[in-house]
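# Coordinate analysis (summary)
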Amino acid sequence: TVDYMTDLLDRLKSESVRNQLQLVKQLAESGETGRKGLMTFLLERSSQSMGMIEGAAYQILYADNTAEAQTFLQAHFPQGIVPLHSERDIDYTPLQQALAKQDFLTADRLTLEKLCELAGELAIQRKWLYFTEVERFPITDLQTIDTLWRVHSEGKFGYSVQRDVWLGAGKDWEKLWTQIGWKSGNNWTRYPNEFTWSLAAPKGHLPLSNQLRGVRVINALLSHPAWQ
Ligand code: UYC
């Protein structure tokens, strides 16, 4: 078992991302030994910046009800594995927790809530954003939100992912809506029930930006200097 684990951990460091995800999922099914392996892996990685493989490993331990896993996370990653930096003193812990448990519907609502907090008192009361407010968002906060989404979605969700799809579509909004599953033919996907609140969704499906008031807000989000 020890050799098997050493081998798995070695492979985790060298394999392609796709195989790394497979290995993490394999560890998740290996009971006590697998749990130990995931903990060792996360500790070894914690000096570097954490990506979606570490996110997947963290989520498995987060969902694991053993005292061992919970004590480990409390001791080493009480705030998760993404640094929750904010230039405006915003608390991203609720968003981190929703994403850690893959509750993407709650995470999506919290994201809009946090963006309104970032914009200020008027936006909090209005419950939606002006594009001029988005343009003034600090790079740090947008990167924190985006990294949380990417790390906890195997790289599938987040504004920078949507931006990549949008650029790939030549900045054509109609193409983007279809590719990320917000529109099918002439029909808008209906909020909330028709959206896909899991990793079965197309790349870039989440977080949502309501299009009721036009594309200016999402345009400001996807054009923000945070992604350059
Ligand atoms: N909704 O259709 N949406 C809402 C989307 C549109 C509408 C919220 C996304 C089209 C109304 C979110 C799409 C449309 C409300 C989204 C979508 C429309 C609402 C909750 C595909 C009609 C109640 C957060 C593009 C044709 C709004 C929020 C209110 C809510 C997201 C209708 C996240 C991505 C054009 C009437 N829709 N929305 O922002 O003010 O309210 O009560 O985009």
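Preceding this paragraph is the structure being described.
Keep in mind that this is a model prediction, so the values were computed, not measured.

### Section: the site of the ligand
Residues in contact with the ligand, as listed here, are L112, W182, W188, T189, Y191, F195, L208, S209, N210, Q211, L212 and R213. Within the backbone of T189, one N or O atom sits 3.2 Å away from an oxygen atom of the ligand. Between the ligand and Q211, the relevant distance is 2.9 Å, taken from an oxygen atom to a main-chain nitrogen or oxygen of the residue. Contact with the protein chains hides 63% of the accessible area of the ligand, taken as 780 Å² for the molecule alone.

### Concerning the pattern of salt bridges
Applying the stated criterion across every chain, the model contains 15 salt bridges. A salt bridge links R11 to E15; the shortest N-O distance between them is 3.6 Å. For R11, a relative accessible area of 32% puts it in the partly exposed group. Given the relative accessible area of 27%, E15 is considered partly exposed. Residues E68 and K36 are paired through a salt bridge, measuring 3.3 Å at the closest nitrogen-oxygen approach. Pair noted here: E68 is in helix α5 (residues 67-76) and K36 is in helix α3 (residues 31-45), with a separation of 32 residues, a long-range link. K36 gets classed as partly exposed once you look at its relative accessible area, which sits at 43%. The structure contains a network of salt bridges with shared partners spanning E32, R35, K36, D64 and E68.

### Side note on the layout of surface pockets
Taken as a whole, the largest pocket spans an internal volume of roughly 890 Å³. Lining the largest pocket we find 31 residues, and of these L112, L208, S209, N210 and R213 sit closest to its centre. Listed by contribution, the elements that provide at least two residues to the lining of the largest pocket are α7 (104-119) and α13 (216-222). Of all the elements, α7 adds the most residues to the lining of the largest pocket, at eight residues. What the second largest pocket holds in volume is close to 150 Å³. If you go around the second largest pocket, the residues you meet are Q48, S49, M50, I81, V82, P83, H85, T140, Q143, T144 and T147. In the lining of the second largest pocket, the residues fall into four nonpolar, seven polar and no charged.

Calculation rules
- Residues numbered from 1 in each chain as written.
- Predicted model: local features only at pLDDT ≥ 70, side-chain atom pairs only at ≥ 80, totals over all residues.
- Heavy atoms only, no water.
- Near = heavy atom within 4 Å.
- Polar contact = N/O pair within 3.5 Å; in protein donor to acceptor, adjacent residues only side chain to side chain.
- Areas by Shrake-Rupley, 256 points an atom, 1.4 Å probe, with all protein chains shown as cover.
- Salt bridge = Lys/Arg side-chain N within 4 Å of Asp/Glu carboxyl O.
- Buried < 20%, exposed > 50% of the residue type's maximum accessible area, 1.4 Å probe, protein only.
- Helix = DSSP H or I, 4+ residues; strand = E, 2+ residues; numbered from the N terminus.
- 1 Å grid on protein atoms, 1.4 Å probe; cavity = no way out; pocket = protein on both sides within 12 Å on 5 of 7 lines; lining within 4 Å.
- Points joined across faces, edges and corners; volume = space filled by probe spheres on them.
- Nonpolar A, V, L, I, M, F, W, Y, C, P; charged D, E, K, R; others polar.

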